[in-house]
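Next come the chains, spelled out residue by residue.
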Amino acid sequence: MLLLWSIHSRALLCAGLQKKMKIYRPHRATDEELLEFHSAEYLNFLKRCTPETVNIYSQEYRRFIAGDDCPIFEGVYQYCQSYAGGSIEGAFKLINNEADIAINWSGGLHHARKEEASGFCYVNDIVLATLELLKYYPRVLYIDIDIHHGDGVQDAFYSTDRVMCVSFHKYGGGFFPGTGDLDELGMGRGKYYSVNVPLMDGVDDRTYVDLFKHVIGEVMAFYRPSCIVFQSGADSLQCDRLGCFNLTLKVHLTHVASVFSAYREILLCWIRCRVMLPASDM
Ligand SMILES: [Zn+2]
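Residues numbered from 1 in each chain as written. Predicted model: local features only at pLDDT ≥ 70, side-chain atom pairs only at ≥ 80, totals over all residues.

**Student:** Help me out: how do you make sense of the overall build of the protein chain in this one?
**Tutor:** For the protein chain, the count of helices and strands is 9 helices and 6 strands. Partitioning the intrachain contacts of the protein chain with sequence separation of at least 6 by distance along the chain shows that 71% fall at a separation of at least 24. (Helix = DSSP H or I, 4+ residues; strand = E, 2+ residues; numbered from the N terminus. Contact = placed C-beta atoms within 7 Å.)

Take a look at the structure:
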């Protein structure tokens, strides 16, 4: 487990759970590992482009970078290698039976596509880790509770039945990324293996947990996954600067975890923490 400072890790430390966990230093994802999903052209761009050379790479920048959320900064490629390496290493821990639950606190960058950076996400560590899991497990269930739709992961596995993607997110009113409506169900062999739960502003703990239990219960009974990849985006918590839900940390740490423990022994958990709360709220 890789622990970084975050609201989740702080709550976890307060609960004393770190005594039951092992902390690992993951390897940086190699070029070969990143090429399992991303294109060589895109990775070369991330590797070579710097803040000083953005103008030189303006054509590639327009092609590979969507919107204004993904600026090129010094060491962006090494950053990608670090967080992707954490998720890939987590997959290896599960595959090698070295852990039942692996957590990458800096993972969960679900908007990145094969050759497109989007929504603060440059490479998609979730897709990369899931591809590793699929080499050993027949079926992977992906659950995403980030306030934003998990569009990059859904797109990557839209036409396969070996990954079932379930996303709970805010939808409508131009909210980013603008996808994740009920009728996005998958295609070809993947038809009915994408499940979207679009929600409105202000959803609270009770409504969310009831909905989550019902949807995930049905999905578990139908799909019987070999393992689970769980993107626990902290921006669905109340007071997040980008979010608009009214969920407390209790939902993330207790309710959702208890639902999973009732169904599976193996849980792969990715936490993406972007929430910023004043100290008095911690
Ligand atoms: Zn988000």
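**Student:** Whenever I open this one, the nonpolar core confuses me. Can you help?
**Tutor:** Soluble globular proteins tend to pack their nonpolar side chains together in the buried interior. The biggest cluster of nonpolar side chains holds 55 residues, and the ones touching the most others in it are L46, C80, A84, Y122, Y142, I143 and C165. In contact with A84, not counting residues within four places along its chain, are A29, L34, V123, D125 and L128. Grouped together as the second largest cluster of nonpolar side chains are 7 residues, I147, Y208, F245 and V251 included. (Core = buried A, V, L, I, M, F, W, Y, C linked by C-beta atoms within 7 Å. Buried ≥ 20, exposed ≤ 12 C-beta atoms within 10 Å, placed from the backbone.)

**Student:** Which parts of the structure should I look at to understand helix α3 (residues 40–48)?
**Tutor:** Taken together, the buried positions of α3 are occupied by Y42, F45 and L46. The buried residues of α3 occupy one face: seen down the axis, they fall within an arc of 95°. Exposed side chains of α3 directed beyond 90 degrees from the buried face belong to A40, E41 and R48. Elements that come into contact with the buried residues of α3 comprise α4 (58–64) and α5 (76–95). (Arc of directions from axis to C-beta.)

**Student:** Just to check I follow, could you spell out the pairing of strand β5 (residues 227–233) for this structure?
**Tutor:** Both faces of the sheet carry side chains from a regular strand, because those side chains alternate between them. Of all 7 residues in β5, 7 are buried; the element is thus mostly enclosed. Burial along β5 is two-sided: C227, V229, Q231 and G233 facing one way and I228, F230 and S232 facing the other are all buried. One ladder, built from 5 bridges, connects strand β2 (residues 140–144) with β5; its direction is parallel. Each bridged residue has a counterpart across the sheet, and for D144 the counterpart in β5 is Q231. (Pairing = 2+ DSSP bridges.)

**Student:** Whenever I open this one, α5 confuses me. Can you help?
**Tutor:** In an α-helix, one full turn covers 3.6 residues, which means residues spaced three or four apart are oriented alike. Taking 1.5 Å per residue, 20 residues should reach 28 Å; α5 reaches 29 Å between its end C-alpha atoms and fits that length. The buried count for α5 comes to 14 of 20 residues, which makes it a mostly enclosed element. Of the residues flanking the end of α5, it is N97, one or two places downstream, whose phi is positive at about 55°. (Expected span 1.5 Å × (residues − 1).)

**Student:** Help me understand the environment of L43 in this model?
**Tutor:** Residue position: L43 is located in helix α3. Separated by 80 residues in the primary sequence, L43 and V123 place their C-alpha atoms 8.8 Å from one another.

**Student:** Please explain the confidence of the model for the protein chain as it appears in this structure.
**Tutor:** Caution is warranted with low-pLDDT regions, since their predicted coordinates should not be read in detail. Mean pLDDT over the protein chain: 85, with 84% of residues reaching 70 or higher. When the criterion is pLDDT under 50, residues 265–282 qualifies, and its contacts beyond four places in sequence or with other chains add up to 63 contacts. (pLDDT = per-residue confidence, 0-100.)

**Student:** So what exactly am I meant to see when it comes to the packing of α5 against helix α6 (residues 125–134) here?
**Tutor:** Each pair of packed helices gets described by two things: the angle between the helix axes and the distance between those axes. Between α5 and α6, the shortest axis-to-axis distance is 8 Å and the interhelical angle comes to 25°. Relative to α6, α5 is oriented roughly parallel. For the pair α5 and α6, the crossing hand works out as right-handed. Within the contact between the two elements, α5 uses Y83, A84, S87, I88, G90, A91, F92 and I95 and α6 uses D125, I126, L128, A129, E132 and L133. For the contact of α5 with α6, the residue count by class is 10 nonpolar, 2 polar and 2 charged. (Axes fitted to C-alpha atoms, helices over the stretch in contact; angles between N-to-C directions. Parallel < 35°, antiparallel > 145°, perpendicular 65-115°, else oblique. Left-handed = near helix turned anticlockwise from the far one by under 90°. Nonpolar A, V, L, I, M, F, W, Y, C, P; charged D, E, K, R; others polar.)

**Student:** Help me out: how do you make sense of unusual backbone geometry in this one?
**Tutor:** In terms of backbone geometry, most residues other than glycine have negative phi values and most peptide bonds are trans. In this model, F176 is joined to P177 through a cis peptide bond whose omega is 0°. Inspection of the secondary structure puts P177 in the loop between β3 (163–170) and β4 (194–199). In the Ramachandran plot, N97 falls in the positive-phi region, its phi being about 55° despite a non-glycine side chain. Taking the C-beta count within 10 Å as the criterion, N97 has 8 such neighbours and is therefore assigned exposed. Phi at C239 is positive, roughly 75°, even though this residue is not glycine.

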